[in-house]
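# What the coordinates show
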Amino acid sequence: MSSPDPQVRAARNPSTRPSPDDSPSTTAFRVGGRTPARGPVVAVTGAAGGVGALLTERLAASEEIKQVVAIDERRGECADAQWHILDVRDPAIADKLRGADVVVHLALDLDLETDPAARTAYNVRGTQTVLTAAAAAGVHRVVLCTSAMVYGALPDNELPLSEDAELRATAEATGVGDLLEIERLARRAPRAHPGLNVTVVRPAVLVGGTDTALTRYFESPRLLVVAGSRPAWQFCHVEDLCSALEYAVLERVDGELAVGCDGWLEQEEVEELSGIRRMELPSAVALGAAARLHRIGLTPSPAGDLAYTMYPWVVSGSRLHDAGWRPKWTNEDVLAELLGEVSGRHTVAGRRLGRKDATAAGAAGATVALLGAAAVVRRARKARRRV
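Here is a short report on the structure shown in this document.

About the cut-offs
- Residues numbered from 1 in each chain as written.
- Predicted model: local features only at pLDDT ≥ 70, side-chain atom pairs only at ≥ 80, totals over all residues.
- Heavy atoms only, no water.
- Helix = DSSP H or I, 4+ residues; strand = E, 2+ residues; numbered from the N terminus.
- Buried < 20%, exposed > 50% of the residue type's maximum accessible area, 1.4 Å probe, protein only.
- Contact = heavy atoms within 4.5 Å.
- Areas by Shrake-Rupley, 256 points an atom, 1.4 Å probe, with all protein chains shown as cover.
- Pairing = 2+ DSSP bridges.
- Axes fitted to C-alpha atoms, helices over the stretch in contact; angles between N-to-C directions.
- Expected span 1.5 Å × (residues − 1).
- Right-handed = clockwise from strand over helix to strand, strands pointing away.
- Phe/Tyr/Trp six-rings, centres within 6.5 Å; stacked < 30°, edge-to-face > 60°.
- Lys NZ or Arg CZ within 6 Å of the ring centre and 35° of its normal.
- Parallel < 35°, antiparallel > 145°, perpendicular 65-115°, else oblique.
- Left-handed = near helix turned anticlockwise from the far one by under 90°.
- Nonpolar A, V, L, I, M, F, W, Y, C, P; charged D, E, K, R; others polar.

## Here's the deal with the overall build of the protein
Counting its secondary structure elements, the protein contains 13 helices and 15 strands. Taking all 387 residues of the protein together, 53% fall into the buried category. The long-range share in the protein, meaning contacts at least 24 apart out of those at least 6 apart in sequence, stands at 79%. When the accessible surface of the protein is split by element, carbon and sulfur atoms take 51% of a total near 16300 Å².

## Focus on the sheet that holds strand E2 (residues 67-72)
Sheet architecture is open: 7 strands sit in the order E3-E2-E1-E4-E5-E6-E11, paired in parallel fashion. The open sheet terminates on both sides in strands that have one partner only, identified here as strand E3 (82-85) and strand E11 (256-259). The mean inter-strand angle of the sheet, taken between neighbouring strand axes irrespective of direction, is 20 degrees. As paired strands, strand E5 (residues 141-145) and strand E6 (residues 197-203) are joined by 5 bridges and run parallel to one another. By the bridge assignment, Leu144 is partnered in E6 with Val200. Docked against the sheet, helix H4 (residues 116-136) engages strand E1 (41-45), strand E4 (102-105), E5 and E6, running at close to 180 degrees with respect to E4. Along the sheet, helix H5 (residues 176-192) makes contact with E5, E6 and E11, crossing E6 at roughly 155 degrees.

## Structural notes on the environment of Gly138
As for its position among the elements, Gly138 is in the loop between H4 and E5. Taking the C-alpha atoms as reference points, Gly138 and Leu196, separated by 58 residues in sequence, lie 8.3 Å from one another.

## What to know about helix H7 (residues 238-249)
End to end, H7 covers 16 Å across 12 residues, agreeing with the expected 16 Å (1.5 Å per residue, within 8%). The element H7 is largely enclosed, with a buried count of 11 among its 12 residues. Among the residues of H7, Val238, Asp240, Leu241, Cys242, Ser243, Ala244, Leu245, Glu246, Tyr247, Ala248 and Val249 are the ones counted as buried. Positioned one or two residues after H7, Glu251 has a phi angle of 60 degrees, which is positive.

## Things to note about the pairing of E2
Counting buried positions along E2 yields 6 of 6 residues, so the element is predominantly enclosed. Side chains of E2 alternate between two faces, with Gln67, Val69 and Ile71 and Val68, Ala70 and Asp72 buried alike. With 5 bridges joining them, E1 and E2 adopt parallel strand pairing. Looking at the pairing, Ala43 lines up with Val69 of E2. One crossover worth recording links E1 to the parallel E2 by way of helix H2 (residues 50-60), and it is right-handed. Relative to E3, E2 runs parallel, the two being bridged by 4 bridges. Note that in E3 the partner of Val69 across the bridge is Gln82.

## Topic: the packing of aromatic side chains
The final tally for this structure, using the stated rule, is 6 aromatic pairs. With a centroid separation of 5.1 Å and 70 degrees between ring planes, the pair formed by Phe218 and Trp233 is classed as edge-to-face. In this pair, Phe218 is assigned in the loop between helix H6 (213-216) and strand E8 (223-226) and Trp233 in strand E9 (residues 232-233), connecting sequence segments 15 residues apart. Of the two residues examined, Phe218 and Trp233, each falls in the buried class. Residues Phe218 and Phe235 carry aromatic rings whose centres are separated by 6.1 Å and whose planes lie at 55 degrees to one another, so their mutual orientation is tilted. You can see Phe218 sitting in the loop between H6 and E8 and its partner Phe235 sitting in strand E10 (residues 235-237), a full 17 residues away along the chain. Residue Phe235 is classed as buried on the basis of its relative accessible area, which comes to 0%. Counting every residue linked through ring pairs, the aromatic cluster contains Tyr217, Phe218, Trp233 and Phe235. The cationic tip of Arg252 hangs over the ring face of Tyr247; the distance from NZ or CZ to the ring centre is 5.1 Å.

## Considering the packing of helix H8 (residues 267-274) against helix H11 (residues 331-342)
Where H8 contacts H11, the axes come no closer than 11 Å and their chain directions differ by 50 degrees. Taken together, H8 and H11 sit at an angle that is classed as oblique. Handedness of the crossing formed by H8 with H11: right-handed. Of the residues in H11, those touching H8 at Val270, Leu273 and Ser274 are Glu332, Leu335 and Leu339. Of the residues belonging to the contact of H8 with H11, the class tally is 4 nonpolar, 1 polar and 1 charged.

Geometry only, nothing functional implied.
What follows is the structure, encoded as structure tokens:
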């Protein structure tokens, strides 16, 4: 999910797996001592942390949900869910999904620090396994969560984009290649598995306990603005994402859904609300430096992440709105929450600095130092090639 979630790196412990007969169909009426509702049995992957944990708690408390089956590599805190401890890439997950009506797949790793190859292997293989297992178990709906980043951040994007807009993103930004592959799997699954419905939810910049290249943008001493760019900021609070996912679970809306706050903020509004001044750089300098810094390992963010701070990728969310859904958070409120979350953190060009490093380097000095380091490395490489 865009949301990077630490549980995907938790230690695997096969000995804690429940017995095969501990299935949702046999436990739905006794977990938590609650009188069962008439609604669906819902399985949530990635249920121990992040968005998965919030959604699990929300669904378990809902009178419209019969039972929640929680799946993760570690046990979470929701006592009213039926827990299964396993890796979502394990084909045994099909047994745990029997009796479920809907699966919400949130076990994604979008962490900036994860090895890209390992991240892709987890995200793509996990989604493939969940879709196949859901079909085998007789599940009729799977809800996937990607990101509005799949539309791409481009200077000619409409404001806002409709859900049916072409997916024009490339694989150059963190995790976006994985998300595009997940979107491809979502489109193919109903053809490969007749009777299986797939809903895809695409949130805007996700805020609320998240750590991404886009939230780290607001940890910088200056907001990097590329000269000639046209940023437009739209946020999505995790609470609104969970309510949108619940709409999908209850089949109040289906298909491809975009979710975010109403409207957007221009760059000047963001700077005024945040109180953080800009540092404007020419496009060639900013993109070239970002690429070099990532290539030599000084920053976790590839140059492709920068495009999402340059050009608009605002979404309308019309399908959810037509179904009666409304966000509870405004862009201004989410930005204020984000600034509170990142207070005290120091990030330059996507790289986290310790307090001592940030104090010693200074605001502009840290940026200059990183850009200078990249330039020094480049000159050294050129000198070696001439020898």
